[in-house]
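Here are the chains, one letter per residue:
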Amino acid sequence: MNDPFLEALRRELSAAGIRGSQRERILAEYEDHLACDPNALLGSPSELARQFADELGTSRARRAATSAFAALALAGGLTVGAFASANLGPLKSAEQHPLARAAAAVLVIAAQLAFATGVLAALRSFWRRRVASDLFDGIARGVMEAAACLLGFAALGPYVGLWSPSAA
Amino acid sequence: MSVRAEELKGHLDTMILAVVADEPLHGYAIIEELKRRSGGALALPEGTVYPALHRLERSGFLASSWSTGDGRRRRVYKLTARGRRELGVRRTSWREFAATVEAVLA
């Protein structure tokens, strides 16, 4: 593969984040096209790479949003289970420790935020398939950050006296 | 007469589905068939057909597989059952749209 167009397209695809088997498949298709018509006018490699990146980014972000929502649902279930089986006495008197009070507030807010963002991402991923990929990426990133925040504070709970992991 | 690239927007996917409906084809053959059916009127930016093929495959309207012929590996696309249903919907929608515009312009 030493055609200048294919070499340029390879560089542009790599720059657009398309690598591995996906990139090789695209290059093989254009290589076949040029073998059929060496004088074919295929267009600007950078523009083509951008179009592929848009297509792949959208579907990748959709998968990321769906995965994030599934992970969030699992985390939420585990957190509810932890609350149900924990001794929540210290949580009721969270004022005894400022950090515990802050942790309790973040725990509640992060859970709400993560749930709302997760539902939004899931709905968008199924209903609005053509939304720009960067929007999906942003939503998916937001879900992951909120979920990480929630899990972080949940894990911190026993150490700051938020709750006791022992059974009630 | 030639059809400009911007006028193709929104219709390219439907035309690809229609071309592949008859038989599985590889990318170059799809482009050639588009040109043949349009009598050469489509000023098709050939390279942009491939992103459209990938998009249609990801939407589940096309399926593809490698085939070897003439000593070359080629990606061959065929219409899925979902793609056939989608093509039917788009054909109906286009005919209604074209009839409406024609009625106004006539």
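Placed above this text is the structure.
## Points about helix H2 (residues 12-22) of chain B
Then comes step 1: In terms of residue burial, H2 of chain B counts as a mostly covered element, since nine of its eleven residues are buried.
Then comes step 2: Residues of H2 of chain B that are buried include every one of Leu12, Asp13, Thr14, Ile16, Leu17, Ala18, Val19, Val20 and Ala21 of chain B, and no others.

## As for the sheet that holds strand E2 (residues 62-69) of chain B
Residue and element names in this part refer to chain B.
Then comes step 1: One open sheet holds the three strands; their spatial order is E1-E3-E2, and the pairing between them is antiparallel. The open sheet terminates on both sides in strands that have one partner only, identified here as strand E1 (25-26) and E2.
Then comes step 2: Sheet analysis places E2 next to strand E3 (residues 72-79), joined by eight bridges and oriented antiparallel. Within the sheet, the bridge partner assigned to Ser64 lies in E3 and is Tyr77.
Then comes step 3: Docked against the sheet, H2 engages E1, E2 and E3, running at close to 100° with respect to E3.

## Topic: the pairing of E3 of chain B
Remark: a regular strand shows side chains that alternate across the two faces of the sheet.
Residue and element names in this part refer to chain B.
Then comes step 1: In terms of strand pairing, E1 meets E3 through two bridges, oriented antiparallel. Bridged to His26 within E3 is Val76.
Then comes step 2: As consecutive antiparallel partners, E2 and E3 are separated by two residues, and within that stretch Asp70 has a phi angle of approximately 55°, a positive value.

## Looking at the interface of chain A and chain B
Then comes step 1: At the junction of the two partners, chain A supplies 23 residues and chain B supplies 20 residues.
Then comes step 2: Both sides of the chain A and chain B interface together cover about 1,900 Å² of buried area, and 53% of this is carbon and sulfur.
Then comes step 3: The three residues of chain A that bury the most area against chain B are Arg25, Glu29 and His33 of chain A, which together make up 30% of that side's buried surface.
Then comes step 4: On inspection of chain A and its partner chain B, the count reaches four salt bridges.
Then comes step 5: Among the salt bridges present, the one from Glu57 of chain B reaches Arg25 of chain A, with a minimum N-O distance of 2.6 Å.
Then comes step 6: Along the contact surface separating chain A from chain B lie 13 residue pairs in polar contact (both at pLDDT 80 or more).
Then comes step 7: Put simply, the parts of the chain that give the side of chain A that touches chain B at least two residues each are helix H2 (20-36) and helix H3 (45-85) of chain A.
Then comes step 8: The dominant element in the side of chain A that touches chain B, judged by the number of residues it contributes, is H2 of chain A, at ten residues.

Quick notes on the rules
Residues numbered from 1 in each chain as written. Chains lettered and ligands numbered in written order. Predicted model: local features only at pLDDT ≥ 70, side-chain atom pairs only at ≥ 80, totals over all residues. Heavy atoms only, no water. Buried < 20%, exposed > 50% of the residue type's maximum accessible area, 1.4 Å probe, protein only. Helix = DSSP H or I, 4+ residues; strand = E, 2+ residues; numbered from the N terminus. Pairing = 2+ DSSP bridges. Contact = heavy atoms within 4.5 Å. Axes fitted to C-alpha atoms, helices over the stretch in contact; angles between N-to-C directions. Buried area = accessible area lost by both parts, 1.4 Å probe. Salt bridge = Lys/Arg side-chain N within 4 Å of Asp/Glu carboxyl O. Polar contact = N/O pair within 3.5 Å; in protein donor to acceptor, adjacent residues only side chain to side chain.

In short, shape yes, function no, at least from these values alone.
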